[in-house]
Amino acid sequence: MFSLKNIAVIGAGTMGNGIAHVFAQNDFTVTLIDVSAPALERALQTIEKNLDRQVAKETITAEKKAQTLQNISTTSDLAGGVQTADLVVEAATENTALKLKIFQDLDLHAQPAAILATNTSSISITKIAAATKRPGKVIGMHFMNPVPVMKLVEIINGYATEKSVTERIAALSEQLGKVPCVVNDYPGFIANRILMPMINEAISSLYEGVAGVAEIDTVMKLGMAHPMGPLQLADFIGLDVCLSILRVLQDGFGNPKYAPCPLLVNMVNAGYLGVKSGEGFYRYEKGNKDLIVSDRFK
């Protein structure tokens, strides 16, 4: 059985650069792939900035930082970038059609023994695997954001995922210093099946005037020992992403309890997406770390 040493990561966004960072820091050879050259450049800058933070905190040495960066190469050529990969981790935009196309391409260009993983937070692994001729070698490897900090990797078995593939990805996650949790492929898996209804209920409580933004988040932080309130967390995840996952749950289960709150739908339609747009339930100002409730909810 060949070792998983050469890793290709597809997508240079927040999750992709975090995944590349963690693999490279643990002495894997990483090829980071994105259609956008500027995105690749930004990803390397982000990784270097995060490594600098680790050096400042003395969790790694300057030599380790240099070695980590040396372990990463970038390319916009998917076919060439995955040819020698033992494992490909797809971390592209959460869009079903895009992911299916990527996996069709991976099936053509990745070596036959390569494992193909997706970082999807909600899209069916079984559906993605069916786009390939190797469904047994397709698996979900759902990292949490921020990847270098968060310990969990939710490993999702598709309907046809081989047991040996699951075992190897679980062992690999441990090599990265993560804690693997293996789950099966049903809408939302476990993380989002439980998290998104909670966030949706918090938004509904705000929508119905039960309590304000700060009050809802304070109750959950102080009463339930959550490090971040559900509304702040929704802003952090992206309200558009929350809406997308709720719709996956609603469609997948056909149960009205997963229907997104009208307030969430309105905010996404208006472009208030949370941290990424500068405003959601809170307002985000560059250089200001204070939590400021949006004027719309005061």
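Calculation rules
- What you see as residue numbers is a count from 1 along each chain, following the sequence as written.
- Confidence filtering applies because this is a predicted model: local features only for residues at pLDDT of at least 70, side-chain atom pairs given and counted only at 80 or more, and all residues used for totals across whole chains, interfaces and linings.
- Each side-chain value is derived from all of the structure's non-hydrogen atoms; neither hydrogens nor water enter the calculation.
- Here, the term disulfide refers to a pair of cysteine sulfur atoms separated by no more than 2.5 Å.
- Only protein chains enter the accessibility calculation, which uses a 1.4 Å probe. A residue is then buried if its area is under 20% of the maximum for its type, exposed if over 50%, and partly exposed in between.
- Segment limits for the domains were obtained from an automatic or database-derived domain assignment.
- Between two residues, a contact is recorded if the distance between any of their heavy atoms is within 4.5 Å.
- As a working definition, buried area equals the accessible area (1.4 Å probe) given up by two parts on being put together, with both sides summed.
- For this document, the term salt bridge refers to a Lys or Arg side-chain nitrogen within 4 Å of an Asp or Glu carboxyl oxygen.
- Between N or O atoms, a polar contact is any pair within 3.5 Å; within protein, one atom must be a potential hydrogen donor and the other a potential acceptor, and residues adjacent in sequence are included only when both atoms are from side chains.
- UniProt positions are given in the numbering used here, feature names are shortened, and annotations may be inferred rather than shown by experiment.
- In this text, helices come from DSSP runs of H or I with a minimum length of four residues, and strands from runs of E with a minimum of two, each type numbered from the N-terminal end.
- Here an angle of 0 to 180 degrees is reported between the N-to-C directions of two axes, which are lines fitted to C-alpha atoms, with helices fitted over the stretch in contact.
- Oblique is the label for every angle not falling under 35 degrees (roughly parallel), over 145 degrees (roughly antiparallel), or within 65 to 115 degrees (roughly perpendicular).
- Two helices that cross are described as forming a left-handed crossing if the nearer one is turned anticlockwise from the farther one by less than a right angle, and a right-handed crossing if clockwise.

Enquirer: Looking at this structure, I do not really get the state of the cysteines. What am I missing?
Expert: Disulfides are covalent bonds that connect the sulfur atoms of two cysteines. Tallied over the full model, the rule gives zero disulfides. Here Cys242 is not cross-linked by a disulfide; its sulfur's nearest cysteine counterpart is in Cys261, at 12 Å. For Cys242, a relative accessible area of 1% puts it in the buried group.

Enquirer: What exactly am I supposed to notice about the domain arrangement of the protein chain here?
Expert: Often the size quoted for an interface is simply the accessible area lost on bringing the parts together. On domain assignment, one finds that the protein chain holds domain 1 (6–184) and domain 2 (191–293). Here the C-alpha centre of domain 2 lies 27 Å away from the C-alpha centre of domain 1. The interface is formed by seven residues belonging to domain 1 together with five residues belonging to domain 2. Both faces considered, domain 1 and domain 2 share a buried interface measuring about 510 Å² in area, 56% of it formed by carbon and sulfur atoms. Of all residues in domain 1, the largest losses of buried area upon contact with domain 2 belong to Ser121, Ser122 and Asn145, amounting jointly to 58% of the total for that side. Applying the counting criterion to the domain 1 and domain 2 interface returns zero salt bridges. Where domain 1 touches domain 2, the interface holds two residue pairs in polar contact (both at pLDDT 80 or more).

Enquirer: Just to check I follow, could you spell out the UniProt feature "site: Important for catalytic activity" (unreviewed entry) in the protein chain for this structure?
Expert: Under the present numbering, the feature "site: Important for catalytic activity" (unreviewed entry) in UniProt falls on His142. Position of His142 relative to the elements: it lies in strand β6 (residues 138–143). The exposure class assigned to His142 is buried, which follows from its relative accessible area of 7%. Beyond its immediate sequence surroundings of up to four residues, His142 is in contact with Thr118, Asn119, Thr120, Ser121, Leu152, Val153, Glu154, Ile156, Ala191 and Asn192. In this structure the side chain of His142 is engaged in a polar contact, spanning 2.8 Å, whose partner is the side chain of Glu154.

Enquirer: In this structure, what is going on with the packing of helix α8 (residues 191–207) against helix α11 (residues 239–253)? I would like to understand it.
Expert: The axes of two packed helices give the description: the angle between them and the distance between them. Two elements in contact, α8 and α11, have axes separated by 10 Å at closest approach and are oriented at 115 degrees. The orientation of α8 with respect to α11, classified from their angle, is roughly perpendicular. Remark: the crossing between α8 and α11 carries left-handed chirality. Residue-level inspection shows Asn192, Arg193, Met196, Pro197, Ile199 and Asn200 of α8 in contact with α11, the latter providing Cys242, Ile245, Leu246, Leu249 and Phe253.

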